[in-house]
Amino acid sequence: MMRGDPDPAAASATTSPPECLPTAETLPHLADSARDAAELGTLTSEPTMPVATCSIHGRVLLTGAGVAAGASVSLVPTAIWPAIRSEHATTAAPDGSFEFLDVPCGEWVLLASHADFVDSFLFLPPQPAGGDLAVHPILERGLTATTIVLDRDGSPLAGCRGHIALLNRSQAWSPGTSASGSQTMTERTVVSGSDGRMTWPGLAAADWRLIVEHPAHPSARLAFTLTGEQCTLPATIRLQGTPLRGECLLDGEVVAETSLRFPDGLGPGRPVVVGTDAVGRFVTPPLAIGGQRLLLEDFPAVAEIETQVVMGHPQTCRLSFLTEPQLPPPAATGTLVVLALGRDGRPERAMIELLLVDAGGGSRVVREATDDTVTDVSGHVTFSNLVAGDYLARCPHTDVTSAPSRVSSHTVSRALLTVF
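A brief look at the structure comes next.

Thresholds, definitions, all that
Residues numbered from 1 in each chain as written. Predicted model: local features only at pLDDT ≥ 70, side-chain atom pairs only at ≥ 80, totals over all residues. Heavy atoms only, no water. Helix = DSSP H or I, 4+ residues; strand = E, 2+ residues; numbered from the N terminus. Buried < 20%, exposed > 50% of the residue type's maximum accessible area, 1.4 Å probe, protein only. Contact = heavy atoms within 4.5 Å. Areas by Shrake-Rupley, 256 points an atom, 1.4 Å probe, with all protein chains shown as cover. Pairing = 2+ DSSP bridges. Axes fitted to C-alpha atoms, helices over the stretch in contact; angles between N-to-C directions. Phe/Tyr/Trp six-rings, centres within 6.5 Å; stacked < 30°, edge-to-face > 60°. Salt bridge = Lys/Arg side-chain N within 4 Å of Asp/Glu carboxyl O.

Comments concerning the overall build of the chain
If you tally the helices and strands in the chain, you get 2 helices and 33 strands. The proportion of buried residues among the 420 residues of the chain is 43%. The long-range fraction of contacts in the chain, counting pairs at least 24 apart against all pairs at least 6 apart in sequence, stands at 65%. For the chain, the accessible area works out to roughly 20,700 Å², and carbon and sulfur atoms hold 53% of it.

Below is the structure:
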């Protein structure tokens, strides 16, 4: 066995300002010295409790026979899964073996990956102090999807980014086992070469979504199915989009020599801005297919409108904006700092989501649990730009919810969440 090399680059999360640290009433053992309070995220307690550790080792196997020499193996805390933030990572030896020593006892996910094989992860049972767990992830040889990206004229397009992910991500990340004893999940991004070709090896037989982007062309989004017998991914994908031409009206009158903005013209977050001529006419470059939002940049009080862009010949449309008085949106300037603790009062790394309580006492998710909502090493995560209201913090992994916390405009509130 070989000793795993811990990855010192632990994931960072937004930490709370010093004034947001919990008070002595919420954490009796917090140090109250000015020096410790000024040091962001520092928590001290007396006496210091030893951290219980265990060992995890095994061998990365291949379906049928053989070992996966050189496979990447990492441990991710179950509480922050599916965020792929490796606190412990290593590379399998030539015989496929790996070992993690002095791992804090708790719930972990073991992730194994290797070129041309489907990523595999296993939910590990918690171990007692001094425990020694043997686990053998099995990598299944994956399928391959290939396509060629073309420009509007049909020429191969180099430098395209093609990102694929399972269509049903939530099911992919759930606990369970496949026939080989592992759950699988893969997300891959590749870049097309001079021939426009993009190839994704090591994929599972499943439904996938694909996003293809290029800086100078509209993006393409499509879904395809990959099985052992067939692949519904088109052999070629043309990034051609469709131009729009037409005239722009405001309250029935033409809007001359102004700017018309398509915030997602080439794809999400990739705007296109065109101008109208002296009689309000405009022509856009090819736009991404699908719904497009439009705004008049010189008339911020005008509500945005939408139009549909479909594949085909250049479309002609009339864009009619109306001047309507609008109430200003509620101020979204409140901040909520969540502190996640374990039963022993120690800070915990956890993925947190935020819910807003409505007038009827129900709640809805307003900030989903993502890689950006993982608590830092001191157990804090900060949610900013919140509208005034009552909020609940929840750890989806344990389904534990905090007490309601009132957030007001231009204020900082805090919530305490015991996740285990």
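Observations concerning the pairing of strand β6 (residues 108-113)
A large share of β6 lies buried, amounting to 5 of its 6 residues. Where strand β3 (residues 72-77) lies against β6, 6 bridges are found, and the strand directions are antiparallel. Bridge pairing in β6 places P77 opposite W108. As judged from the 5 bridges shared by β6 and strand β7 (residues 120-124), these two strands associate in the antiparallel manner. Its bridge partner being in β7, L111 is matched across the sheet by F121.

Things to note about the side chain of T78
Relative to the helices and strands, T78 resides in the loop between β3 and β4 (88-91). On the basis of relative accessible area, T78 is assigned to the buried category, the value being 4%. Apart from the residues within four sequence positions on either side, T78 is in contact with E107, W108, V109, F123 and H397.

Digging into the sheet that holds strand β26 (residues 334-341)
The 3 strands are arranged β29-β26-β33 in an open sheet whose pairing can be described as mixed. Two strands bound the open sheet, and with one partner strand each, they are β29 (380-386) and β33 (412-418). Strand after strand, the sheet turns through a mean of 20 degrees between neighbouring axes, direction not considered. In the sheet, β26 pairs with β33 via 7 bridges, with the strands oriented parallel. Within β33, the position partnered with T335 by the bridge is V412.

Digging into the sheet that holds strand β20 (residues 259-262)
If you trace the 4 strands from one edge of the open sheet to the other, you get β21-β20-β23-β24, paired in antiparallel fashion. Across the chains shown, the open sheet's two edge strands, defined by having one partner strand only, are β21 (272-275) and β24 (305-309). In this sheet, neighbouring strand axes are inclined to one another by 30 degrees on average, regardless of whether the strands run parallel or antiparallel. Strand direction decides the pairing type here: β20 and strand β23 (residues 290-296), joined by 2 bridges, are antiparallel. Paired with L260 across the bridge in β23 is L296.

Observations regarding the pairing of β3
Here β3 lies mainly inside the structure; 5 of its 6 residues are buried. The pairing of β3 with β4 spans 4 bridges and is classified as antiparallel. Across the sheet, residue S72 finds its bridge partner in β4, namely T91.

A look at the packing of aromatic side chains
Inspection of every chain in the model, using the stated rule, returns 2 aromatic pairs. The interplanar angle of 70 degrees and the centroid separation of 5.8 Å between the aromatic rings of F121 and F123 together place this pair among those described as edge-to-face. Residue classification places F121 among the buried residues on the basis of a relative accessible area of 1%.

As for the pattern of salt bridges
Under the criterion given, the structure shown has 8 salt bridges. In this structure, R188 and D119 form a salt bridge, with 3.6 Å as the shortest nitrogen-oxygen distance. Note that R188 is positioned in strand β13 (residues 187-191) and D119 in the loop between β6 and β7, a separation of 69 residues in sequence. Neither residue differs from the other here; R188 and D119 are each classed as buried. In this structure, D390 and R406 form a salt bridge, with 2.4 Å as the shortest nitrogen-oxygen distance. Here the residue D390 occupies a position in strand β30 (residues 389-395), and R406 occupies one in strand β32 (residues 405-407), the gap between them amounting to 16 residues. You can call D390 partly exposed: its relative accessible area is 23%.

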